[in-house]
Amino acid sequence: MAEGMMKNSTRQEHAPGDRSATYAASTPSRLYHRLEEALHAGSEVWFRMPGTRLVGIPIFLDTDYVEVVDVDVAEGFEDEELPDEPYQRTVWLIRLEEISAISYATDRWSKERFERLLEQSHKDDESTSESHESH
């Protein structure tokens, strides 16, 4: 009888990793979506993982890994003293499970635009405080 009960049982056992892998495959996470946006836009992303931080531009993405490229430019040299190879390219293959946080730029401003935004923000603050005082 115990054998028959097991055959008819609809309960399914999942190891902890199985459930998250199934969920990740069926419903891409917000992290995945942000990395996908950066991949299509060619945007630089800052990654934080246990014990390290990396910076790079995504060049490949699937449900398990993101591959990023980082180009370093030799700095601190006078033009005459530049090394023979002043650039170095590093490609990282990062497991998505290992990423604890990412940071990415959502907007960039010129100095002039930034100053205009600050001025507008200051004007908005003044008008808000004036409307509170009149009530």
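Residues numbered from 1 in each chain as written. Predicted model: local features only at pLDDT ≥ 70, side-chain atom pairs only at ≥ 80, totals over all residues. Heavy atoms only, no water.

Concerning the sheet that holds strand E3 (residues 65-73)
Thought 1: Here we have 5 strands laid out as an open sheet, ordered E4-E3-E2-E1-E5, and antiparallel in their pairing. Edge positions in the open sheet fall to strand E4 (87-95) and strand E5 (101-104), since each of these has one partner strand only. When strand polarity is set aside, the average angle formed by the axes of neighbouring strands in this sheet is 40°.
Thought 2: Bridge analysis of strand E1 (residues 45-49) against strand E2 (residues 52-61) gives 5 bridges, and the strand direction is antiparallel. Looking at the pairing, Met 49 lines up with Thr 52 of E2.
Thought 3: Strand contacts of helix H3 (residues 30-41): E1, E2, E3 and E5, with the helix running at about 70° to E2, the strand carrying the most contacts. (Pairing = 2+ DSSP bridges. Helix = DSSP H or I, 4+ residues; strand = E, 2+ residues; numbered from the N terminus. Axes fitted to C-alpha atoms, helices over the stretch in contact; angles between N-to-C directions. Contact = heavy atoms within 4.5 Å.)

Brief notes about the confidence of the model for the protein
Thought 1: When pLDDT is averaged along the protein, the result is 76; 67% of the residues meet or exceed 70.
Thought 2: Scored below 50 in pLDDT, residues 1-26 shows 1 contact in the model against residues more than four places distant or in partner chains. (pLDDT = per-residue confidence, 0-100.)

Side note on the pairing of E3
Thought 1: As paired strands, E2 and E3 are joined by 4 bridges and run antiparallel to one another. Residue pairing in the sheet places Phe 60 in a bridge with Glu 67 of E3.
Thought 2: Here E2 folds back onto E3 in antiparallel fashion, the turn holding 3 residues.
Thought 3: Sheet topology places E3 next to E4; 9 bridges connect them, and they run antiparallel. Of the residues in E4, the one forming a bridge with Val 68 is Trp 92.

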